[in-house]
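Next come the chains, spelled out residue by residue.
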Amino acid sequence: MAMRREHLVNAAIALLLLAVPLWASWAGQNFYVTLATRIAILALAAVGLNIALGLGGLVSFGHAAFFGIGGYVAGILASHAVSGAPLLGFLPGTKLMPVIWIVAILASGFVAAAIGAISLRTGGVYFIMITLAFAQMIFYFALSWPAYGGEDGLSIMLRNAFPGVNTLRPLPFFLICYTLLSLGLLLFALIRGSRFGAALQAARQNEVRTASVGIAPFRIRLVAFTISGMVTGVAGALFADLNRFVSPSMLSWHMSGELIVLIVLGGVGRLYGPVVGAALYVVLEYWLGGITERWQFFLGLVLLGVVLFARGGIVGLLAGRARHD
Amino acid sequence: MTEPILAVSDLVKSFGALKATDHVSLDLRPGEIHALIGPNGAGKSTLIGQIAGTLKPNAGEIRFAGETINALSVAERSRRGLGRTFQVSSLAPEFSALRNVMLAVQSVQGSSFRFFRPVMLDRSLVDPAMAALERVGLAGRAGIPAAELSHGERRQLEIAIALALGSRALLLDEPMAGMGPEGSKRLTGFLDRLRAEAPILLVEHDMNAVFALADRISVLVYGKVIATGSVDDIRSNPDVRRAYLGDEA
Ligand SMILES: Nc1ncnc2c1ncn2[C@@H]1O[C@H](COP(=O)(O)OP(=O)(O)OP(=O)(O)O)[C@@H](O)[C@H]1O
Ligand SMILES: [Mg+2]
């Protein structure tokens, strides 16, 4: 029963996130379209993290690394396409989103595999610290690397292109982001129900038991962490295109923390948890940010309330406890 | 005499100054139930842990099915057919009983890297898991999360998992604990039939069960095996009576 209620809640959220920008665009309120786009992108980044954190119990405090790498892939490829200078002396730049996404997925997946291979040998607080340390390393590298703007960041003059779609207009770009978010959610749902997902969730619930039935948690977690980084990486590429700008701030630990906050707000391990979390975050940022600069204080209060009184996050509040068949 | 399937020789494990396993040697032969008894803190669970691979011995050898397995991980030992249950039951608490067993089936099939097909629609997982639950009498509780099962039911579930793993030898750490007399009796009958399929190293405090089931008994006291023998040998052994059995025998 609880499961069916969650389906309804999810469908309502999905429809709302689609309907509001459609309406706003029709009403000429493009600002709200942009707000919804921001929600979709942050949600996608958090869906990626939710694979590691929600399904695998891997509290990564370094997912900004993948988000930022995706962003820089978009920025760097676009800048080379504009300047005409080949990347590393032989790779042409590009302004084609699908190509950028693939490169972002490969780059963030490669780095996630490397970080995971080292950090997954530890657990608990050490895992949190090591993922944080790796992300900070990449952050400082970007900060001190002048070729792509250093601390000033890198502008993308014109938003990158998608064949047959005018990405300069807010609504089509939102629809691209919404589609990718939907694909991310589909991937999450498929993984959660699959054999791989069963092993991943079992390793979170009871590592010793999982090993005792003959499934080594390390490899399962490494693959999950890599997939997780890839999804967050694509979101990063979209985020760069939304802002037409990337800077080291996308790589900073604030960003990693923000992604965790989104998931905790919405519901850890819940399919639509990241979407609800991102929506709440962006809406609070917009409403409260207009009233007071200290809006994050109120965000903190909301977070505290959720942690204390709604362990399943807002999705848990709306749909009841999560159930595994 | 048949080759033992499992043989522990000269095993040593210390926790600081405490010798929890003190030069222990014992074996398990096909078709038998070898009971391991001894007072609380004697080192029974520690021994099981070393055989299963969750604990590393300081010295000694563990052979299973003709090979030294000291260097193998828990997962590798399990895949070779060494099944175990835990004294404090160890399950995936959020998963239903059925899904706990399905995890074992999936491991046996060697296929955890499949990302898309929903497990609940996969007959090749559900059917064998259900069959294992039926064997231990837990089919009626298949959909209940492990965390909500009773103590005794969790024990049964652990055995179902070991069965689903197709284990060639079983390490059972106090499977009767927390079961009512009715449950113990049922489980005793079940283990009695099970020994033909997989020999059992049985740690158990329930002496009725031990005396009814064991082909051989080893007595562990302060990490040392002080006696090994048939039920009658052990019952009449004065050292054992002093150290453990008291008047019970
Ligand atoms: N991880 C550990 N670190 C330190 N000491 C330990 C550890 N595990 C067990 N011990 C000690 O080793 C001894 C043997 O413990 P073990 O759990 O093997 O006993 P047992 O025979 O299984 O007892 P019981 O019948 O109560 O289950 C005990 O004194 C225990 O306190
Ligand atoms: Mg014990």
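Residues numbered from 1 in each chain as written. Chains lettered and ligands numbered in written order. Predicted model: local features only at pLDDT ≥ 70, side-chain atom pairs only at ≥ 80, totals over all residues. Heavy atoms only, no water.

Student: Whenever I open this one, the overall build of chain A confuses me. Can you help?
Tutor: Each helix and strand in chain A was counted, giving 13 helices and two strands. Computed over its C-alpha atoms, the radius of gyration of chain A comes to 19 Å, within 12% of the 20 Å expected for a compact globule of 325 residues. With the C-alpha coordinates aligned to their principal axes, the bounding extent of chain A is approximately 55 × 45 × 40 Å. When the 325 residues of chain A are sorted by exposure, 54% land in the buried category. Accessible surface for chain A amounts to roughly 14000 Å². Of this, 71% is attributable to carbon and sulfur atoms. The average position of the 19 basic charges and that of the 9 acidic charges among the side chains of chain A differ by 13 Å. (Helix = DSSP H or I, 4+ residues; strand = E, 2+ residues; numbered from the N terminus. Rg over C-alpha atoms; globule rule 2.2 N^0.38 Å. Buried < 20%, exposed > 50% of the residue type's maximum accessible area, 1.4 Å probe, protein only. Areas by Shrake-Rupley, 256 points an atom, 1.4 Å probe, with all protein chains shown as cover. Lys, Arg positive; Asp, Glu negative; His and termini not counted. Charge placed at Lys NZ, Arg CZ, Asp CG, Glu CD.)

Student: Explain the coordination of the magnesium ion (ligand 2) here, please?
Tutor: In an ideal tetrahedron of four donors about a metal, each angle is 109.5 degrees. In an ideal octahedron of six donors, the angles are 90 or 180 degrees. Residue and element names in this part refer to chain B. Listed as protein donors to the magnesium ion (ligand 2) are Ser 45 (OG) and Gln 87 (OE1); their distances from the metal cover 1.9 to 2.0 Å. Of this pair, Ser 45 sits in helix α1 (residues 44-52) while Gln 87 sits in the loop between β6 (82-85) and α3 (97-108), and the two are 42 residues apart along the sequence. Taking relative accessible area as the criterion, Gln 87 reaches 34% and is therefore assigned partly exposed. (Donors = N, O, S within 2.8 Å, 3.2 Å for Na, K, Ca; no water.)

Student: Could you clarify how one ought to interpret the domain arrangement of chain B in this entry?
Tutor: Frequently, the measure chosen for interface size is the accessible area that the parts lose on association. All names here are of chain B. Looking at the assigned domains, one finds that chain B contains domain 1 (1-81 + 168-249) and domain 2 (91-165). Taking only C-alpha atoms into account, the centre of domain 1 sits 26 Å from that of domain 2. A buried area of about 980 Å², summed over both sides, lies between domain 1 and domain 2, and 62% of it is on carbon and sulfur atoms. In this assembly, domain 1 and domain 2 are joined by one salt bridge. With a closest N to O distance of 2.9 Å, Arg 135 and Glu 197 form a salt bridge. Connecting domain 1 to domain 2 are two residue pairs in polar contact (both at pLDDT 80 or more). (Domains from an automatic or database assignment. Buried area = accessible area lost by both parts, 1.4 Å probe. Salt bridge = Lys/Arg side-chain N within 4 Å of Asp/Glu carboxyl O. Polar contact = N/O pair within 3.5 Å; in protein donor to acceptor, adjacent residues only side chain to side chain.)

Student: Before we go on, may I ask you to explain the layout of surface pockets in this structure?
Tutor: The gaps left among the atoms become clear once a water-sized probe is rolled over them. Residue and element names in this part refer to chain A. Of the voids in this model, the second largest pocket is the one considered here, and its volume is about 660 Å³. Lining the second largest pocket we find 21 residues, and of these Ile 69, Val 73, Ile 76, Ala 107 and Trp 145 sit closest to its centre. Elements with a minimum of two residues in the lining of the second largest pocket: α3 (64-83), α4 (97-119) and α5 (124-143). No other element matches α3, which puts six residues into the lining of the second largest pocket. (1 Å grid on protein atoms, 1.4 Å probe; cavity = no way out; pocket = protein on both sides within 12 Å on 5 of 7 lines; lining within 4 Å. Points joined across faces, edges and corners; volume = space filled by probe spheres on them.)

Student: Teacher, can you tell me more about the site of ligand 1 here?
Tutor: All names here are of chain B. By nearness alone, 14 residues border ligand 1, and Gly 41, Lys 44, Ser 45, Thr 46 and Gln 87 come closest of all. Here an oxygen atom of ligand 1 sits 2.8 Å away from a polar atom, N or O, in the side chain of Lys 44. Contacts to ligand 1 include Gln 87, whose side-chain N or O atom sits 2.8 Å from an oxygen atom. Going through the elements one at a time, β2 (18-28) and α1 are the ones with two or more residues in the shell around ligand 1. The element best represented in the shell around ligand 1 is α1, accounting for three residues. (Near = heavy atom within 4 Å.)

Student: Mind showing me how you'd approach the pattern of salt bridges here?
Tutor: As a working rule, side chains carrying opposite charge can pair if their charged atoms are close by. Per the counting criterion, the structure on display carries 19 salt bridges over all chains. A:Arg195 serves as the salt-bridge partner of B:Asp122, at 2.8 Å between the closest nitrogen and oxygen. Taken together, the residues B:Asp122 in the loop between α3 and α4 (123-135) and A:Arg195 in helix α7 (residues 195-205) connect one chain to another. Per residue, the accessibility class of B:Asp122 equals that of A:Arg195, and both read buried. We note a salt bridge from B:Asp27 to B:Arg216, for which the minimum N-O separation is 2.7 Å. On the criterion of sequence distance, the pair formed by B:Asp27 in strand β2 and B:Arg216 in strand β9 (residues 216-221) is long-range, its members being 189 residues apart. Both residues of the pair, B:Asp27 and B:Arg216, count as buried.

Student: What exactly am I supposed to notice about empty space enclosed by the protein here?
Tutor: Taken as a whole and assessed by the stated rule, the structure comprises three cavities of 30 Å³ or more. Lining the largest cavity, in full, are A:Ser212, B:Ala52, B:Val74, B:Arg77, B:Ser78, B:Leu82, B:Gly83 and B:Arg84. Its residues assigned to classes, the lining of the largest cavity shows three nonpolar, three polar and two charged. (Nonpolar A, V, L, I, M, F, W, Y, C, P; charged D, E, K, R; others polar.)

Student: For this particular structure, what's the right way to read the packing of aromatic side chains?
Tutor: For any two aromatic rings, the description comes down to two numbers: the centre-to-centre distance and the angle of the planes. All chains considered together, the criterion is met by 18 aromatic pairs over all chains. An aromatic cluster of three or more residues is present, and its members are A:Phe31, A:Tyr32, A:Tyr286 and A:Trp287. For B:Arg84, the ring lying beneath its charged end belongs to B:Phe86, and the centroid distance is 3.9 Å. (Phe/Tyr/Trp six-rings, centres within 6.5 Å; stacked < 30°, edge-to-face > 60°. Lys NZ or Arg CZ within 6 Å of the ring centre and 35° of its normal.)

Student: How should I be thinking about the side chain of B:Thr85 in this particular structure?
Tutor: Residue and element names in this part refer to chain B. Looking at where Thr 85 falls in the secondary structure, it is placed in strand β6. Its relative accessible area of 2% is what places Thr 85 among the buried residues. Here Asp 173 takes part through its backbone nitrogen, which lies 3.3 Å from a polar atom of the side chain of Thr 85. Every residue in contact with Thr 85, bar those within four places of it in the chain, is listed here: Glu 158, Ile 159, Leu 171, Leu 172 and Asp 173. (Contact = heavy atoms within 4.5 Å.)

Student: It is not clear to me how the pairing of strand β4 (residues 59-64) of chain B should be interpreted in this structure. Could you clarify?
Tutor: In regular strands, side chains alternate between the two faces of the sheet. Residues and elements named next belong to chain B. As judged from the five bridges shared by strand β1 (residues 6-15) and β4, these two strands associate in the antiparallel manner. Bridge pairing in β4 links Val 12 to Ala 59. Two strands pair when backbone bridges link them, and β4 and strand β5 (residues 67-68) are joined in this way by two bridges, in the antiparallel orientation. In the sheet register, Phe 64 faces β5, and the bridge partner there is Glu 67. (Pairing = 2+ DSSP bridges.)

Student: What am I meant to see in the sheet that holds β1(B) here?
Tutor: The strands making up a sheet associate through hydrogen bonds between their backbones, and the pairing can be parallel or antiparallel. All names here are of chain B. The strand order across the open sheet formed by four strands is β2-β1-β4-β5, and the pairing between neighbours is antiparallel. Taken across any chain shown, the strands that pair with only one partner, and hence form the sheet edges, are β2 and β5. The sheet strands contacting α1 are β1, β2 and β4, and the helix crosses β1 at an angle near 120°. (Axes fitted to C-alpha atoms, helices over the stretch in contact; angles between N-to-C directions.)

Student: What's the story with the packing of α3(B) against α4(B) in this structure? I'm lost.
Tutor: All names here are of chain B. Two numbers describe how α3 lies on α4: the axes approach to 8 Å, and their chain directions differ by 115°. Crossing of α3 over α4 shows right-handed handedness. For the pair α3 and α4, contact is made by Ala 97, Leu 98, Val 101, Met 102, Val 105 and Gln 106 and by Ser 124, Leu 125, Val 126, Pro 128, Ala 129, Met 130, Ala 132 and Leu 133, respectively. Tallied by class, residues from the contact of α3 with α4 come to 12 nonpolar, two polar and no charged. (Left-handed = near helix turned anticlockwise from the far one by under 90°.)

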